[in-house]
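Structural characterization, general
One letter stands for each residue in the lines below.
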Amino acid sequence: MWKRSDHQPKIKGEDGPLVGQFEILGSVPEPAMPHPLELSEFESFPVFEDIRLHIREVGAQLVKKVNAVFQLDITKDGKTILRWTIDLKNGSGDMYPGPARLPADTVFTIPESVFMELVLGKMNPQKAFLAGKFKVSGKVLLSQKLERVFKDWAKF
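Residues numbered from 1 in each chain as written. Predicted model: local features only at pLDDT ≥ 70, side-chain atom pairs only at ≥ 80, totals over all residues. Heavy atoms only, no water.

Looking now at the side chain of Ser44. Here Ser44 lies in the segment before helix H1 (45-66). Excluding its chain neighbours within four sequence positions, the residues that come into contact with Ser44 are Leu82, Glu112, Phe115 and Met116. (Helix = DSSP H or I, 4+ residues; strand = E, 2+ residues; numbered from the N terminus. Contact = heavy atoms within 4.5 Å.)

Structure below.
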């Protein structure tokens, strides 16, 4: 038969961590994201600003058509250098630098040079994705709706 033991060790008031028993951890390093004043140094920044203006003008219509939140992680040499969010799900739509405030439906991890070719219409998004030029996580099929947003912007 098993014998039940409810033994719990007793801790005395003077028992505590010994000096030097715990190491002091430094603060968590900030992600490698540029300071907002440095954003204009990137090739894609004027494009993002232009798309942002377009979304402010026609965002309400886009929210009805798209109903999704996209996060674009722009990379260079394998490291994220820019992060933009396109929110076409809430309110009258918004686009802002930084990670999505609400969970993103689709996240794109894409090199800046590939992004520029895609938005300028020099590269087919489906072929680029299938060739492994960029990564998509989340709801992959929503990327077709974002492609239409970029095409509408290009006509604008």
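To summarise the sheet geometry, strands pair through backbone hydrogen bonds and adopt either a parallel or an antiparallel arrangement. If you walk across this open sheet you meet the five strands as E3-E2-E1-E4-E5, and the pairing is mixed. The sheet is open, and its two borders are formed by strand E3 (94-97) and strand E5 (135-138), each paired with just one other strand. Averaged over all pairs of adjacent strands, the angle between strand axes in this sheet comes to 15 degrees, irrespective of strand direction. Relative to strand E2 (residues 79-88), strand E1 (residues 68-76) is paired through nine bridges, and the arrangement is antiparallel. If you follow Asp73 over to E2, its bridge partner there is Arg83. Strands E1, E2 and E3 of the sheet are contacted by H1, whose axis makes an angle of about 30 degrees with E2. Contacts from helix H4 (residues 143-155) reach E1, E2 and strand E4 (106-111) within the one sheet, and its direction differs from that of E1 by about 80 degrees. (Pairing = 2+ DSSP bridges. Axes fitted to C-alpha atoms, helices over the stretch in contact; angles between N-to-C directions.)

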